[in-house]
Amino acid sequence: DARVTQTPRHKVTEMGQEVTMRCQPILGHNTVFWYRQTMMQGLELLAYFRNRAPLDDSGMPKDRFSAEMPDATLATLKIQPSEPRDSAVYFCASGLVLGRLSSYEQYFGPGTRLTVT
Amino acid sequence: GNSVTQMEGPVTLSEEAFLTINCTYTATGYPSLFWYVQYPGEGLQLLLKATKADDKGSNKGFEATYRKETTSFHLEKGSVQVSDSAVYFCALSEDTGRRALTFGSGTRLQVQP
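How each quantity is defined
- Residues numbered from 1 in each chain as written.
- Chains lettered and ligands numbered in written order.
- Predicted model: local features only at pLDDT ≥ 70, side-chain atom pairs only at ≥ 80, totals over all residues.
- Heavy atoms only, no water.
- Salt bridge = Lys/Arg side-chain N within 4 Å of Asp/Glu carboxyl O.
- Phe/Tyr/Trp six-rings, centres within 6.5 Å; stacked < 30°, edge-to-face > 60°.
- Pairing = 2+ DSSP bridges.
- Helix = DSSP H or I, 4+ residues; strand = E, 2+ residues; numbered from the N terminus.
- Axes fitted to C-alpha atoms, helices over the stretch in contact; angles between N-to-C directions.
- Disulfide = S-S within 2.5 Å.
- Buried < 20%, exposed > 50% of the residue type's maximum accessible area, 1.4 Å probe, protein only.
- Core = buried A, V, L, I, M, F, W, Y, C linked by side-chain atoms within 4.5 Å.
- Contact = heavy atoms within 4.5 Å.
- Polar contact = N/O pair within 3.5 Å; in protein donor to acceptor, adjacent residues only side chain to side chain.

## Quick notes on the pattern of salt bridges
All names here are of chain A.
Point 1. Tallied over the entire structure, the rule returns 9 salt bridges over all chains.
Point 2. In this structure, the salt-bridge partner of Asp57 is Lys62, at a minimum N-O distance of 3.6 Å.
Point 3. Of the charged contacts in the structure, one is a salt bridge between Arg85 and Glu83, with a shortest N-O distance of 2.5 Å.

## What to know about the packing of aromatic side chains
Point 1. Taken as a whole, this structure holds 12 aromatic pairs over all chains when the rule is applied.
Point 2. Taken together, a centroid distance of 6.1 Å and an interplanar angle of 40° make the contact between Phe34(B) and Tyr36(B) tilted.

## Quick notes on the sheet that holds strand β1 (residues 5-7) of chain A
Within a sheet, neighbouring strands are paired by backbone hydrogen bonds and run either parallel or antiparallel to one another.
All names here are of chain A.
Point 1. Taken in spatial order, the 4 strands of this open sheet run β1-β3-β8-β7, and their pairing is antiparallel. For this open sheet the edge positions go to β1 and β7 (65-71), each flanked by a neighbour on one side alone. Going from strand to strand, the sheet's axes swing by 20° on average, the running direction of each strand aside.

## Re the state of the cysteines
Point 1. Per the stated rule, a full pass over the model turns up 2 disulfides over all chains.
Point 2. Sulfur-sulfur distance for the disulfide between Cys23(A) and Cys92(A) comes to 1.9 Å. Disulfide Cys23(A)-Cys92(A): the torsion about the S-S bond is -60°, which places it as left-handed. Of the two residues, Cys23(A) sits in strand β3 (residues 19-24) while Cys92(A) sits in strand β9 (residues 88-95), which places them 69 residues apart along the sequence. Both residues of the pair, Cys23(A) and Cys92(A), count as buried.
Point 3. One disulfide in the model links Cys23(B) with Cys90(B); its S-S distance is 1.9 Å.

## Quick look at the nonpolar core
Point 1. Membership of the largest hydrophobic core comes to 25 residues, with the highest contact counts inside it found for Leu19(B), Trp35(B), Leu47(B), Leu48(B), Phe73(B), Leu75(B) and Tyr88(B).
Point 2. For this core, the secondary-structure elements that each account for two or more residues are β2 (11-14), β3 (19-21), β4 (23-26), β5 (32-38), β6 (44-50), β8 (62-65), β10 (86-93) and β12 (107-112) of chain B.
Point 3. Here this core gets 4 residues from one element, more than from any other, and that element is β10(B).
Point 4. When residues no more than four places from it in sequence are discounted, the contact partners of Leu48(B) are Leu33(B), Phe34(B), Trp35(B), Gly57(B), Ser58(B), Asn59(B), Phe62(B), Glu63(B), Ala64(B), Phe73(B) and Leu75(B).
Point 5. Counting residues in hydrophobic clusters, the runner-up holds 22 residues, among them Ile26(A), Phe49(A), Cys92(A) and Leu114(A).

## Brief notes about the side chain of Gln38(B)
Point 1. Residue position: Gln38(B) is located in strand β5.
Point 2. Residue classification places Gln38(B) among the buried residues on the basis of a relative accessible area of 11%.
Point 3. Reaching out from Gln38(B), the side chain makes a polar contact with the side chain of Gln37(A) at a distance of 3.1 Å.
Point 4. Among the polar contacts made by the side chain of Gln38(B), one reaches the main-chain carbonyl oxygen of Glu42(B) at a distance of 3.0 Å.
Point 5. When near neighbours in sequence (up to four residues on either side) are disregarded, Gln38(B) contacts Gln37(A), Phe91(A), Gly43(B), Leu44(B), Ala86(B), Val87(B) and Phe89(B).

## Considering the pairing of β10(B)
Residues and elements named next belong to chain B.
Point 1. Burial analysis of β10 places 8 of its 8 residues in the buried class, the great majority of the element.
Point 2. The two faces of β10 match: Ala86, Tyr88, Cys90 and Leu92 on one face and Val87, Phe89, Ala91 and Ser93 on the other face are all buried.
Point 3. The pairing of β5 with β10 spans 7 bridges and is antiparallel. Its bridge partner being in β10, Gln38 is matched across the sheet by Val87.
Point 4. Here β10 pairs with strand β11 (residues 101-103) via 3 bridges, running antiparallel. If you follow Ser93 over to β11, its bridge partner there is Leu101.

Here is the structure:
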């Protein structure tokens, strides 16, 4: 049963510290998304990769957030320095897109719950 | 830009009641439409989808029909169970290469025995 995995599941850190969240997409998927979920804003797209290349990161605060895909099996989302307003659940999702007629389905990981104090 | 509007929750129903959760959208082009479900402490799971007008998506007793004329994708189930208690998200994906999802705010469903 192929799944998206995310680590850590929970992270509590102090303001100013660096936070790194990791995601392992489903093997063979070529598209990775990072979303953030908060009570106030709901689900927001932060970044989007296709074949490891960043296609859209317009949803990320550029000064403190960065997203990378070092290889096809790992995506990372880093916050440096972290702030209390970054407290949220961060979801990674993956999918397979081969052309305009491809499936639009995205498969979500369990999320990383981040608390910045 | 794209947007999705869902009815406010929580929706509280008794077991075996009929469920409707309204969803309307604004989009350019011909988006695909989705319903995702989120159980407590878990990620989102795809519940059903429809990729073109008049398509009906269905899964686990849930149904939704893509209505282009009313820009709607309402979720329905004829008889809910306690195990259906969760948060339901309506979403759309534009028909361009970007394929990112735009979500509604979510509707919490509580089913009482």
